[in-house]
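Secondary and tertiary structure notes
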Amino acid sequence: MTRACALSDLDDDKPFAVEVDDVAVVLVRRGDEVHALRDECSHASVALSEGELSRKGLECWLHGSCFDLRTGAPSAPPATEPVDVYAVTITGDDVLVDVTRAVNHPPN
């Protein structure tokens, strides 16, 4: 686990771009939960952190693909492949993210 940012840096339902161990990550805070996804749309290779939250998930600004915050699965086309989702731990005001293994993929 690597410190990504302070919890106080995150606003509810507003994507936040960070780099964790050389991996581009987008963090999304929803109440007491923080979700971490790879900050790259699986359809068009653009930053998801520039998108917006909808009831379907994190919406890519370019073509409107949406990704589930918990699973990374696309919930709206044109994307057909999921984005990586990473484990998040909150310790005090520190948001820790583990980018060594995506939690939405089965272990090898």
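All of these numbers come straight from a predicted model, not from anything done at the bench. (Residues numbered from 1 in each chain as written. Predicted model: local features only at pLDDT ≥ 70, side-chain atom pairs only at ≥ 80, totals over all residues. Heavy atoms only, no water.)

Considerations on the sheet that holds strand β4 (residues 33-38)
Whether parallel or antiparallel, the strands of a sheet pair through hydrogen bonds between backbone atoms. Spatial ordering of the open sheet is given by β1-β10-β9-β4-β3-β2, a layout of 6 strands whose pairing is antiparallel. Here the strands that pair on one side only, and so sit at the sheet edges, are β1 (2-6) and β2 (16-20). Geometrically, the sheet is characterised by an average inter-axis angle of 35° between neighbouring strands, direction not taken into account. In terms of strand pairing, β2 meets strand β3 (residues 23-30) through 5 bridges, oriented antiparallel. Bridge pairing in β3 links F16 to L27. (Pairing = 2+ DSSP bridges. Helix = DSSP H or I, 4+ residues; strand = E, 2+ residues; numbered from the N terminus. Axes fitted to C-alpha atoms, helices over the stretch in contact; angles between N-to-C directions.)

Quick look at the UniProt feature "domain: Rieske" (unreviewed entry) in the protein
As annotated in UniProt, the feature "domain: Rieske" (unreviewed entry) corresponds to residues 2-97 in the numbering used here. In the segment residues 2-97, helix accounts for 0% and strand for 48%; the C-alpha atoms at its two ends are 5 Å apart. (UniProt positions renumbered as here; feature names shortened; annotations may be inferred.)

Observations regarding the environment of T91
Tracing the backbone shows T91 in strand β9 (residues 85-91). With relative accessibility at 44%, the residue T91 sits in the partly exposed group. C-alpha separation for the pair T91 and A6, spaced 85 residues apart in sequence, amounts to 9.6 Å. (Buried < 20%, exposed > 50% of the residue type's maximum accessible area, 1.4 Å probe, protein only.)

Things to note about unusual backbone geometry
Cis geometry is found at the peptide bond from P77 to P78, where omega equals 15°. Structurally, the position occupied by P78 is in the loop between β8 (74-76) and β9. Phi is positive for D13, which is not a glycine, with a value near 60°. Looking at D13, the relative accessible area reads 39%, which means it is partly exposed. In this model, S45 sits at a positive phi of 55°, which is unusual for a non-glycine residue. Topologically, S45 is positioned in the loop between β4 and β5 (52-54). For S45, a relative accessible area of 52% translates into the label exposed.

Notes on the pattern of salt bridges
Note on pairing: side chains with opposite charge can pair once their charged atoms come close. If you walk through the whole model with that rule in mind, you get 5 salt bridges. With a shortest N-O distance of 4.0 Å, D12 and R29 are connected by a salt bridge. Residue D12 is located in the loop between β1 and β2, and its partner R29 is located in strand β3; the two are separated by 17 residues in the primary sequence. Its salt-bridge partner being E33, residue R70 comes within 2.9 Å of it at the nearest N-O pair. Taken together, the residues span a long stretch of sequence, with R70 in the loop between β7 (66-67) and β8 and E33 in strand β4 at a distance of 37 residues. Accessibility expressed as a relative area gives 54% for R70, which makes it exposed. (Salt bridge = Lys/Arg side-chain N within 4 Å of Asp/Glu carboxyl O.)

Regarding the environment of E40
Following the sequence through the fold, E40 ends up in the loop between β4 and β5. Using a relative accessible area of 29% as the deciding quantity, one classes E40 as partly exposed. Counting along the chain gives 10 residues from E40 to R30, while the straight-line C-alpha distance between them is 20 Å. Setting aside residues no more than four positions away along its own chain, E40 makes contact with S45, V46, L48 and V83. (Contact = heavy atoms within 4.5 Å.)

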